[in-house]
Amino acid sequence: MAENAGQDTTAHAAISRVTDESHSLSFDYVIIGVTGDLTMRKLLPAFYERFRLGEIALDTRIIGVARSALSTETYRERAREALVEFAFSASQDRDGVTAFLDLVHYVSLDASDRAASGWSLLEALLATHADRVRVFYVATAPKLYVLTADAIAAHGLITEATRIVLEKPIGTDLASAKAINDGVGRHFREEQIFRIDHYLGKQTVQNILALRFANPILERVWNADSIAQVQITAAETVGVGKRGPYYDTAGALRDMVQNHLLQILSLVAMEPPTALSATDLRDEKLKILRALKPMDPDTIARDTVRAQYVAGEIGGKPVDGYLDDLGVAASNTETFLAIRAEVRTTRWAGVPFYLRTGKRMARKESEVVIEFRPQPWAIFSEPPKPDRLVIRIQPDEGVSLSLASKDPRAAGFGLHEAVLDVSYAKAFGTRYPDSYEDLLMAVVRGDQVLFIRRDEVQASWRWIEPILDGWADNIRPMETYPAGSCGPSSSDDLLRDDGFSWKEKI
Ligand SMILES: NC(=O)C1=CN([C@@H]2O[C@H](COP(=O)(O)OP(=O)(O)OC[C@H]3O[C@@H](n4cnc5c(N)ncnc54)[C@H](OP(=O)(O)O)[C@@H]3O)[C@@H](O)[C@H]2O)C=CC1
Ligand SMILES: O=C1O[C@H](COP(=O)(O)O)[C@@H](O)[C@H](O)[C@H]1O
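Rules used throughout
Residues numbered from 1 in each chain as written. Chains lettered and ligands numbered in written order. Predicted model: local features only at pLDDT ≥ 70, side-chain atom pairs only at ≥ 80, totals over all residues. Heavy atoms only, no water. pLDDT = per-residue confidence, 0-100. Contact = heavy atoms within 4.5 Å. Domains from an automatic or database assignment. Buried area = accessible area lost by both parts, 1.4 Å probe. Salt bridge = Lys/Arg side-chain N within 4 Å of Asp/Glu carboxyl O. Polar contact = N/O pair within 3.5 Å; in protein donor to acceptor, adjacent residues only side chain to side chain. Helix = DSSP H or I, 4+ residues; strand = E, 2+ residues; numbered from the N terminus. Nonpolar A, V, L, I, M, F, W, Y, C, P; charged D, E, K, R; others polar. Buried < 20%, exposed > 50% of the residue type's maximum accessible area, 1.4 Å probe, protein only. UniProt positions renumbered as here; feature names shortened; annotations may be inferred. Phe/Tyr/Trp six-rings, centres within 6.5 Å; stacked < 30°, edge-to-face > 60°. Lys NZ or Arg CZ within 6 Å of the ring centre and 35° of its normal. Pairing = 2+ DSSP bridges. Axes fitted to C-alpha atoms, helices over the stretch in contact; angles between N-to-C directions. Core = buried A, V, L, I, M, F, W, Y, C linked by side-chain atoms within 4.5 Å.

Caption draft 1: Broad picture of the confidence of the model for the chain. A residue-level look at the chain finds 95% of positions with pLDDT of 70 or above and a mean pLDDT of 93. Segment residues 1-15: pLDDT under 50, and 36 contacts once partners within four positions in sequence are set aside and those in other chains are kept. This prediction of the complex comes with two scores: 0.94 for pTM and 0.98 for ipTM.

Put into structure tokens, the structure is as follows:
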């Protein structure tokens, strides 16, 4: 159980915290991989923001683990630099950052080696708060997850209130995902395992549930009778950055589709859950993952597109191609893909779900587009454009609905596409929390509703695996696209063959 620790109000008054601490939680969060890119860019800033909001008590400990020999003081200095660079509020908040860093400790340890000497220090630290919520966040390579869980167990560090967080990707295929799930499951019960997918921490992804299930006006038309097609896009302008060695073994299908895009697809397509509980929600998502039509060689050739970026230009600046970014002569890794998927349920029979993701695209833009069917009988001389609901995941988070309207400027009955637009920034006018903030704190509360269950991971891999195999056999050859473009033209053809087009060029 989390404790609501009694707080030293004098100490708190000296710290730039923006709300009261009556709901602050005390816990021990062990981050394994604490010097890595993910921790520095995402996890530490997320903790800091929640600390600043008063949700984290002053006696909480964030215990960082990595193999590098660093003192806590040296690590804190590195963490300060990362916070100033990556945390929304940190550059103006020196005292608050210092207070936050007091929670941070560093232990040098090879967490995959149960015989490593650092375990005794970690054990001693944790023993001083044996009853509080204890979290192990494993932010290392997936091949270390089981060894790390084995070592944690061997040192007797798993209490009733202990949880483990596993970063994506859970494996590289179905067999390795099962091995991780089995291996970690030998020590932790399923309700102690939190498989993170940071897209589920995005407010706009969670808003899919609100839009669908809090607005009967939408839910009544949310089916194949009314909807013609669904598009799910996650486009980035960044390349692979420092993560090239990982990315080159993964590619866009493993990196983005197996997890983020299939999670979004299940939220869009699922039946209403009985309640917003972890079990009900995940049961419904799982049914959709299982209802995805398996790909075979014919559909892989027809319904998938894969491509790799070559040199181009983004925002007026020249950028290198993928091979130059990696410094390699050749690679068979896709940095872009488009897929036509089918959900075999009564609700969605015959509705194509187009998935698209890529690096080094023209714009950063993630969104879900629901295109409704046209009027069956046209009474206007010029047929209206189909109505479209666009859920903007990022950036410019919001929702828009385009409807045909009478154009007051036109003579006669001219129509014009009018857009009802809700921008989150304008509607809520608040700091936009990073997706990791909610998720990190949900683990402390033991709330699994936004985490992926074992069977969901495996169902996703089951659908992905034939595509991986087909691509390995070159059933669908690799294409190229210039950095700063919208991908190869064959991605447009995928929709054109069905009489559709992507909402707009990225
Ligand atoms: N970076 C990102 O944006 C995202 C990352 N992820 C996932 O998160 C995980 C971490 O990614 P990222 O931070 O980029 O990786 P990095 O390579 O940047 O960092 C890896 C970290 O793990 C530590 N480490 C490696 N081996 C061990 C070990 N045996 N014992 C203890 N610590 C170890 C490293 O430090 P040292 O060498 O000192 O031990 C370092 O702190 C990966 O699974 C990745 O796929 C998921 C989504 C996004
Ligand atoms: O998980 C990942 O996500 C990021 C994109 O996340 P976003 O929140 O910026 O949309 C992606 O760049 C990375 O390759 C992938 O591993």
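Caption draft 2: Representation of the domain arrangement of the chain within the structure. Along its sequence, the chain is carved into domain 1 (2-198) and domain 2 (202-370 + 452-498). Taking only C-alpha atoms into account, the centre of domain 1 sits 30 Å from that of domain 2. Taken together, the contacts link 17 residues of domain 1 with 17 residues of domain 2. Carbon and sulfur atoms supply 52% of the area that domain 1 and domain 2 bury against each other, a total of about 1600 Å² over both sides. Among the residues of domain 1 in contact with domain 2, Lys168, Leu174 and Asp197 are the three that bury the most area, contributing 33% of the side total. Scanning the region where domain 1 abuts domain 2 turns up 2 salt bridges. Where domain 1 touches domain 2, the interface holds 9 residue pairs in polar contact (both at pLDDT 80 or more). Ranked by residue count, the leading element in the side of domain 1 that touches domain 2 is helix H7 (residues 174-185), at 6 residues. Classifying every residue of the side of domain 1 that touches domain 2 gives 5 nonpolar, 4 polar and 8 charged.

Caption draft 3: Structural context of helix H15 (residues 435-445). Within H15, 9 of the 11 residues are buried, which leaves it mostly tucked inside the rest of the structure. Among all positions in H15, only Ser435, Tyr436, Glu437, Leu439, Leu440, Met441, Ala442, Val443 and Val444 are buried. Here the buried face of H15 lies against strand S1 (27-32), helix H2 (37-52), strand S4 (133-138), strand S5 (162-166) and strand S6 (193-195). The backbone nitrogen of tyrosine 436 has a side-chain oxygen 3.1 Å away, supplied by the residue at the start of H15, namely aspartate 434. Glycine 446 occupies a position one or two residues after H15 and carries a positive phi of about 75 degrees.

Caption draft 4: Spotlight on the UniProt feature "binding site: NADP(+)" (unreviewed entry) in the chain. This chain's UniProt record puts "binding site: NADP(+)" (unreviewed entry) on Arg67 and Lys168. Relative to the helices and strands, arginine 67 is located in the loop between strand S2 (61-66) and helix H3 (72-86). What makes arginine 67 exposed here is its relative accessible area of 65%. What arginine 67 contacts, discounting residues up to four positions off in sequence, is Tyr106, Ser108, Leu109 and Asp110. Summarising the element assignment, lysine 168 is placed in the loop between S5 and H7. On the basis of relative accessible area, lysine 168 is assigned to the buried category, the value being 17%. With sequence-adjacent residues up to four places away left out, lysine 168 is seen in contact with Tyr145, Ile196, Tyr246, Asp255, Asn259 and His260.

Caption draft 5: Main features of the pattern of salt bridges. Per the counting criterion, the structure on display carries 37 salt bridges. Residue arginine 80 is joined to glutamate 77 by a salt bridge in which the shortest nitrogen-to-oxygen separation is 3.9 Å. One end of the pair is arginine 80 and the other is glutamate 77, both in helix H3 and 3 residues apart, which spans about a single turn. Take arginine 80: its relative accessible area is 12%, and that puts it in the buried class. Assessed through its relative accessible area of 41%, glutamate 77 is described here as partly exposed. A cluster of three or more residues bridged by salt bridges with shared partners is formed by Asp28, Asp59, Arg61 and Arg132.

Caption draft 6: Representation of the packing of aromatic side chains in the model. Applying the stated criterion to the full structure yields 15 aromatic pairs. Ring centres 5.2 Å apart and planes at 80 degrees place the aromatic pair tryptophan 348 and phenylalanine 353 in the edge-to-face group. Accessibility classification places tryptophan 348 together with phenylalanine 353 in one group, the buried group. Seen from their ring centres, tyrosine 354 and phenylalanine 500 are 6.4 Å apart, and the 75 degrees between their planes marks the pair as edge-to-face. With tyrosine 354 in strand S12 (residues 352-358) and phenylalanine 500 in the segment after helix H17 (489-496), the pair connects residues that are 146 residues apart, well separated along the chain. Note on accessibility: tyrosine 354 and phenylalanine 500 belong to one class, buried. Through a chain of ring-to-ring contacts, the aromatic side chains of Tyr247, Tyr309, Tyr322, Phe336 and Tyr481 assemble into a single cluster. Positioned above the aromatic ring of tyrosine 199 is the side chain of lysine 202, whose terminal nitrogen or guanidinium carbon lies 4.6 Å from the ring centre. In this arrangement the basic side chain of arginine 356 is found over the ring face of tryptophan 502, its NZ or CZ atom lying 3.8 Å from the centre.

Caption draft 7: Quick peek at the sheet that holds S1. If you trace the 6 strands from one edge of the open sheet to the other, you get S3-S2-S1-S4-S5-S6, paired in parallel fashion. Whereas interior strands pair on both sides, the edge strands pair on one side only; in this sheet they are strand S3 (104-108) and S6. With direction set aside, neighbouring strand axes in the sheet form an average angle of 20 degrees. Pairing between S4 and S5: 5 bridges, direction parallel. Note that in S5 the partner of valine 138 across the bridge is leucine 166.

Caption draft 8: Just the nonpolar core, in detail. Of all hydrophobic cores here, the largest spans 154 residues; its most connected members are Tyr29, Phe100 and Trp463. At 12 residues, the largest contribution of residues to this core is made by helix H10 (residues 244-269). No fewer than three residues from each of domain 1 (2-198) and domain 2 (202-370 + 452-498) sit in this core. Excluding residues within four positions of it along the chain, phenylalanine 100 makes contact with Leu44, Phe47, Tyr48, Phe51, Ile62 and Leu83.

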